[in-house]
Amino acid sequence: MSSSRLIKIFDTTLRDGEQSPGASMNHQEKLAIAQALVDLGVDVIEAGFPIASPDDFEAVREIAINFKGPEICGLARCNDADIDRAWEALKHADRPRIHVFLATSPIHREHKLKMTCDEVVARAVKGVERAANYCSNVEFSPEDAGRTELDFLCRVVEAVIAAGANTVNIPDTVGYATPMEMGRVIKTLRDRVPNIEKAVLSVHCHNDLGLAVANSLAAIENGAGQVECTINGIGERAGNCSLEEIVMALRTRNDFYRCDTGIDSTKLVPTSRLVSETTGLLVQRNKAIVGRNAFAHEAGIHQDGMLKERTTYEIMRPEDVGLSSTDLVLGKHSGRAALNDRLRRLGFDLTGDDLNRVFEEFKKLADRKKEVLDDDLVALVQ
Ligand code: KIV
Ligand code: ZN
């Protein structure tokens, strides 16, 4: 049996997450989230894009000064002003990281940058060299790597590693890749780029087709050592890879992935709630791991199974993600076993005809109400 690999969790809730329409956060809110990310155990906090606004700069600077433990990262385009500003914000961090990016795909080269391939390589190298003059920890992202020709991507990656990048992040900026493609890109880079061992390969997937977590897992399977993600999967458009989902996928299916993370999973639900309350972006009820229904069961057959043996219908324990218990919701699909269990917890020990009568009344009520609450049950029994 092979031993586990440690995957770095790079959290970009405060940068890409904040780019979600309607999610901007003020200074104090960013500091509170940074504290939660430290407590959660992320390896890297991307605290913002310092050149974007004075408030972004100040937030990155304060996070760099005040938070120890994770690496603190700031984003910069490949130009002198961005990189200088990023360093100004990061320079007091214990473990600073400058993240420079430049688009590499033909669509971006032609329409956005109006640059040739040679010019893109030269600009990327210059950006990485300037960042590396400030700090030894430099990440480079070829933006829209998911739609970049593989040969050209290999060329860019080799050049930026030679220039001093110690992390190379592969973004699927527009969420276009499929899991097999993403896996193939990572494998190709590992096979073909001669100096690839000098850098950590990272992945940054957007969720436009709902594939961000699957694509990130495929990258990890093929050797990526860092995954970029956000709490609740927030981010540009349909968002990024969700931190809680990728962490729990790696943990729950450690038998398959053989990868660990340094995340304290019991902090996942509290952190998710903090980010949702702060940004105002609600978490959908059936969202994996942190949605209200993720550990709730209503169907009678499921509730009966759960009462007999939890693993019949749950692959994770609610306590492992920071919830106190499974929720057996009493509704029109629920059965006698769950009703009886709840009645006993409420202090009513009913059997035989008494239980049958309450069950009948419960079913009538459940047809009218979506969810029968404890107070309703007490009223029924009384
Ligand atoms: O999606 C993207 O390409 C990005 C880069 C800046 C990494 O967010
Ligand atoms: Zn992004």
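Just above, that's the structure.
A few points on the structure. (Residues numbered from 1 in each chain as written. Chains lettered and ligands numbered in written order. Predicted model: local features only at pLDDT ≥ 70, side-chain atom pairs only at ≥ 80, totals over all residues. Heavy atoms only, no water.)

On to the overall build of the protein chain. What the protein chain contains, in helices and strands, is 15 helices and 12 strands. Residues counted as buried form 53% of the 382 residues belonging to the protein chain. Of the accessible surface of the protein chain, which amounts to about 17,000 Å², a share of 50% is contributed by carbon and sulfur atoms. Measuring between centres, the 47 positive side-chain charges of the protein chain sit 2 Å from its 59 negative side-chain charges. (Helix = DSSP H or I, 4+ residues; strand = E, 2+ residues; numbered from the N terminus. Buried < 20%, exposed > 50% of the residue type's maximum accessible area, 1.4 Å probe, protein only. Areas by Shrake-Rupley, 256 points an atom, 1.4 Å probe, with all protein chains shown as cover. Lys, Arg positive; Asp, Glu negative; His and termini not counted. Charge placed at Lys NZ, Arg CZ, Asp CG, Glu CD.)

Further remarks concern the site of ligand 1. Close to ligand 1 lie R15, D16, H99, F101, S141, E143, N169, P171, T173, H204 and H206, which account for all nearby residues. Protein contact buries 94% of the 260 Å² of open area that ligand 1 shows by itself. Elements with a contribution of two residues or more to the shell around ligand 1: β5 (96-103), β6 (138-143) and β7 (167-172). Of the residues contributing to the shell around ligand 1, the split by class is two nonpolar, six polar and three charged. (Near = heavy atom within 4 Å. Nonpolar A, V, L, I, M, F, W, Y, C, P; charged D, E, K, R; others polar.)

On to the pairing of strand β8 (residues 200-205). Counting buried positions along β8 yields five of six residues, so the element is predominantly enclosed. As defined by bridge partners, β7 adjoins β8 across six bridges and the pair is classed as parallel. What sits directly across from T167, in β8, is V200. One ladder, built from three bridges, connects β8 with strand β9 (residues 226-229); its direction is parallel. Bridging across to β9, V203 finds its partner in V227. Crossover connection from β8 via helix α8 (residues 212-221) to parallel β9: handedness right-handed. (Pairing = 2+ DSSP bridges. Right-handed = clockwise from strand over helix to strand, strands pointing away.)

A few words on the coordination of the zinc ion (ligand 2). Around the zinc ion (ligand 2), the protein contributes the donor atoms D16 (OD), H204 (NE2) and H206 (NE2), at 2.0 to 2.2 Å from the metal centre. Summarised as a motif, the one-chain spacing of the donors to the zinc ion (ligand 2) is D-x187-H-x1-H. Taken together, the residues span a long stretch of sequence, with D16 in the loop between β2 (8-11) and α1 (27-40) and H206 in the loop between β8 and α8 at a distance of 190 residues. On the basis of relative accessibility, which here comes to 4%, the residue H206 falls in the buried class. (Donors = N, O, S within 2.8 Å, 3.2 Å for Na, K, Ca; no water.)

Following both chains from N to C, one finds helix α5 (residues 117-134) and helix α6 (residues 150-163) inclined at 25°, their axes separated by 8 Å at the closest point. Between α5 and α6, the angle falls in the class roughly parallel. For the crossing formed where α5 meets α6, the hand is right-handed. In contact with C117, D118, V120, V121, A124, V125, V128, E129 and A132 of α5, α6 contributes F152, R155, V156, A159, V160 and A163. Partitioning the contact of α5 with α6 into residue classes produces 12 nonpolar, no polar and three charged. (Axes fitted to C-alpha atoms, helices over the stretch in contact; angles between N-to-C directions. Parallel < 35°, antiparallel > 145°, perpendicular 65-115°, else oblique. Left-handed = near helix turned anticlockwise from the far one by under 90°. Contact = heavy atoms within 4.5 Å.)

All right, on to the packing of helix α14 (residues 352-368) against helix α15 (residues 374-381) then. The angle between the axes and the distance between the axes are what describe a pair of packed helices. Contact geometry of α14 with α15 gives a least axis separation of 10 Å together with a crossing angle of 135°. Judged on the interaxial angle alone, α15 and α14 are oblique. In the crossing of α14 with α15, the sense of the turn from one axis to the other is right-handed. On the side of α14, the interface is formed by V358, E361, F362 and L365, while α15 contributes D376, L377, L380 and V381. The residue inventory of the contact of α14 with α15, partitioned by class, reads six nonpolar, no polar and two charged.

Bear in mind that shape data such as this cannot, by itself, settle questions of function.
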